[in-house]
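Observations on the model geometry
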Amino acid sequence: MQYDVVIVGAGHGGAQAAIALRQAKFEGTIAMIGDEPELPYERPPLSKDYLSGDRTFERILIRPPAFWEERQVTTLLSRRVVAVDAEAHSLRTDDGATIGYGYLIWATGGAPRRLVCSGHDLIGVHTVRTRADADRMMRELAGTTRAVVIGGGYIGLEAAAVLAKFGKHVTVLEALDRVLARVAGEPLSRFYEAEHRAHGVDVRLGAKVACIEEKDGRACGVRLEDGEVLPCEMVIVGIGIVPAVEPLLAAGADGGNGVRVDRQCRTSLPDIFAIGDCALHANDFAEGTEIRVESVQNANDQANVVAKTIGGNPVDYHAVPWFWSNQYDLRLQTVGLSIGYDALVQRGDPAARSFSIVYLKQGRVIALDCVNATKDYVQGRALVVEGARPDVARLGDAGVPLKEVMAA
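Residues numbered from 1 in each chain as written. Predicted model: local features only at pLDDT ≥ 70, side-chain atom pairs only at ≥ 80, totals over all residues. Heavy atoms only, no water.

What the 3 strands build is an open sheet, ordered E12-E13-E14; its pairing is antiparallel. In this open sheet, the two edge strands, each paired with only one partner strand, are strand E12 (209-215) and strand E14 (229-231). When strand polarity is set aside, the average angle formed by the axes of neighbouring strands in this sheet is 30°. Where E12 and strand E13 (residues 218-224) come together, 6 bridges link them in antiparallel fashion. Bridged to Ile-212 within E13 is Val-222. (Pairing = 2+ DSSP bridges. Helix = DSSP H or I, 4+ residues; strand = E, 2+ residues; numbered from the N terminus. Axes fitted to C-alpha atoms, helices over the stretch in contact; angles between N-to-C directions.)

Right, let's talk about the environment of Asp-397 for a bit. With respect to the helices and strands, Asp-397 occurs in the loop between helix H10 (392-395) and helix H11 (402-407). Measuring from C-alpha to C-alpha, the distance between Asp-397 and Gln-346 comes to 8.6 Å, with 51 residues separating the pair along the chain.

A few words on the pattern of salt bridges. Evaluated as defined, the whole model comprises 29 salt bridges. Between Arg-146 and Glu-233 there is a salt bridge, with its nearest N and O atoms 2.6 Å apart. Residue Arg-146 is found in strand E9 (residues 146-150), and its partner Glu-233 is found in the loop between E14 and strand E15 (234-237); the two are separated by 87 residues along the sequence. For Glu-233, a relative accessible area of 18% corresponds to the buried category. (Salt bridge = Lys/Arg side-chain N within 4 Å of Asp/Glu carboxyl O. Buried < 20%, exposed > 50% of the residue type's maximum accessible area, 1.4 Å probe, protein only.)

It is worth spelling out the pairing of strand E2 (residues 30-33) at this point. The alternating pattern of E2 places Ile-30 and Met-32 and Ala-31 and Ile-33 on opposite faces, both of which are buried. Pairing of strand E1 (residues 2-8) with E2, which is carried by 4 bridges, proceeds in the parallel orientation. Looking at E2, one finds that Ile-7 is bridged to Met-32. At this point the chain moves from E1, through helix H1 (residues 12-23), to the parallel E2, and the crossover so formed is right-handed. Pairing of E2 with strand E3 (residues 73-76), which is carried by 4 bridges, proceeds in the parallel orientation. From the neighbouring strand, Ile-30 faces E3, where its bridge partner is Val-73. (Right-handed = clockwise from strand over helix to strand, strands pointing away.)

With that out of the way, let us pick up the packing of aromatic side chains. One pass over the full model with this rule turns up 8 aromatic pairs. Seen from their ring centres, Phe-191 and Tyr-192 are 5.4 Å apart, and the 85° between their planes marks the pair as edge-to-face. Judged by relative accessible area, which is 0%, Tyr-192 ranks as buried. Through a chain of ring-to-ring contacts, three or more aromatic side chains come together here, namely Tyr-41, Tyr-50 and Phe-57. The ring of Tyr-41 has Arg-43 sitting right over it, with the charged end atom 4.2 Å from the ring centre. For the cation-ring pair, Arg-131 lies above Phe-57, with the distance from its terminal atom to the ring centre recorded as 3.8 Å. (Phe/Tyr/Trp six-rings, centres within 6.5 Å; stacked < 30°, edge-to-face > 60°. Lys NZ or Arg CZ within 6 Å of the ring centre and 35° of its normal.)

Take helix H5 (residues 154-165) next. Across its 12 residues, H5 extends 16 Å between first and last C-alpha, which sits within 8% of the 16 Å expected from 1.5 Å per residue. The buried fraction of H5 is high, at 9 of 12 residues. Among all positions in H5, only Gly-156, Leu-157, Glu-158, Ala-159, Ala-160, Ala-161, Val-162, Leu-163 and Ala-164 are buried. Looking at the buried side of H5, the elements it contacts are helix H2 (49-52), E9, strand E10 (169-174), helix H6 (186-198), E15 and strand E22 (322-327). Gly-167 sits one or two positions beyond H5 and adopts a positive phi of about 85°. (Expected span 1.5 Å × (residues − 1). Contact = heavy atoms within 4.5 Å.)

All right, on to the side chain of Gln-327 then. Along the chain, the position of Gln-327 falls in strand E22. Taking relative accessible area as the criterion, Gln-327 reaches 1% and is therefore assigned buried. Polar contacts involving the side chain of Gln-327 include one to the side chain of His-196, which spans 2.8 Å. Dropping the residues within four chain positions of it, Gln-327 is found in contact with Tyr-154, Leu-157, Glu-158, Ala-161, Tyr-192 and His-196. (Polar contact = N/O pair within 3.5 Å; in protein donor to acceptor, adjacent residues only side chain to side chain.)

The next subject is the pairing of strand E5 (residues 90-93). Note: strand E4 (residues 81-85) against E5, 4 bridges, orientation antiparallel. Bridge pairing in E5 links Ala-83 to Arg-92. As defined by bridge partners, E5 adjoins strand E6 (residues 98-106) across 3 bridges and the pair is classed as antiparallel. Its bridge partner being in E6, Leu-91 is matched across the sheet by Ile-99. Counting the residues between successive antiparallel strands, the hairpin from E5 to E6 contains 4 residues, one of them, Gly-96, with a positive phi of roughly 90°.

On to the nonpolar core, then. The nonpolar side chains of soluble globular proteins are, as a tendency, buried together. In this structure, Trp-68, Ile-105 and Leu-188 are the most contacted members of the largest nonpolar core, which totals 68 residues. Not counting the four nearest positions on each side in its chain, Trp-68 is found in contact with Ala-15, Ala-18, Ile-19, Met-32, Leu-39, Pro-40, Arg-63, Val-73 and Thr-75. One finds Val-8, Ile-33, Leu-248 and Ala-279 within the second-largest nonpolar core, a separate group that totals 24 residues. (Core = buried A, V, L, I, M, F, W, Y, C linked by side-chain atoms within 4.5 Å.)

Attention now goes to the sheet that holds E10. If you walk across this open sheet you meet the 5 strands as E8-E15-E9-E10-E11, and the pairing is parallel. Sheet topology places strand E8 (125-126) and strand E11 (202-205) at the edges, where each strand pairs with a single neighbour. Taken together, the 2 bridges between E8 and E15 define a ladder with parallel strand orientation. Bridging from a neighbouring strand, His-126 pairs with Ile-236 of E15.

In structure tokens:
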């Protein structure tokens, strides 16, 4: 089999790459390889609306099935790429097939980081990365009274919120001294800790896991390093992802924590691009620091860059990062990257359940976290994009719209 463009990965980035190529009038052959049996679907709802049952799987498909046929995008599903031959412009899948390409777009994302302690692979221990993961959890919910969530990041907290909604007794274990420590300032961490506790969730900070206890081949508890055992029927592990780039690195691509790409998302290998969670790139909104950005926005925007570049209209990747998280009746919207902030300003009162936190570095706005404050999120984006240096007093006055702060 030979295609003009082969896309490895059928998530947000891979799907958008195919969509953008056709929108750019690319007429060559396109194949998209996915290691799941499903056509491309949205990932964020897995720990939110899909897990809670508020949205069916059909409603989280990125495009209906007929779309891919109409756009002549060949979907090769339930296959995993195990090797890439950059010189021969070909790859091999786990079913033994060899597929040739003119251009290769690597959009594999990552695999959930696993626990390394004993019991990590027991029945009842879950991650939330695929539809199959969420479906397994849903099948076990009826027999679950107590659940332990390991990891106080967004995935863990979102899953905890859904389980609490179902009336389960939920314990969240965070190894650091606050939840969301890697992505947000302390005020936001403390707010979410209080919210989860108000909904009956037992949030444990500085909690280290020793092992998962077993009974009849199933997880029955989580043992902490201090010896305490938390009985449970379900364990959810949300401790990050490992970028899925082994075949590219084995083929000689530059990288490590992901595969390194330039401003057009090219890897060091000829005619091979990488996008999304697995792409290590110098980000303009992190002062050029090389990072991986795990977000739908990043995957989609990098896919658009690659489609234009392949189409002969190369552009540089320059997109402000944004993220969101839904927990209970709270909608968090984040714009920018708070990496390295040296000051923060709070707008509004967390007790009112509508407020924002503005992150600054050397007086320049670099990010905002907005809780039930969509107007701040929309207007604050311009502050981040322009690197505004507003008056701090006016910035902290929730009665002053952010667009007026910028104008001043």
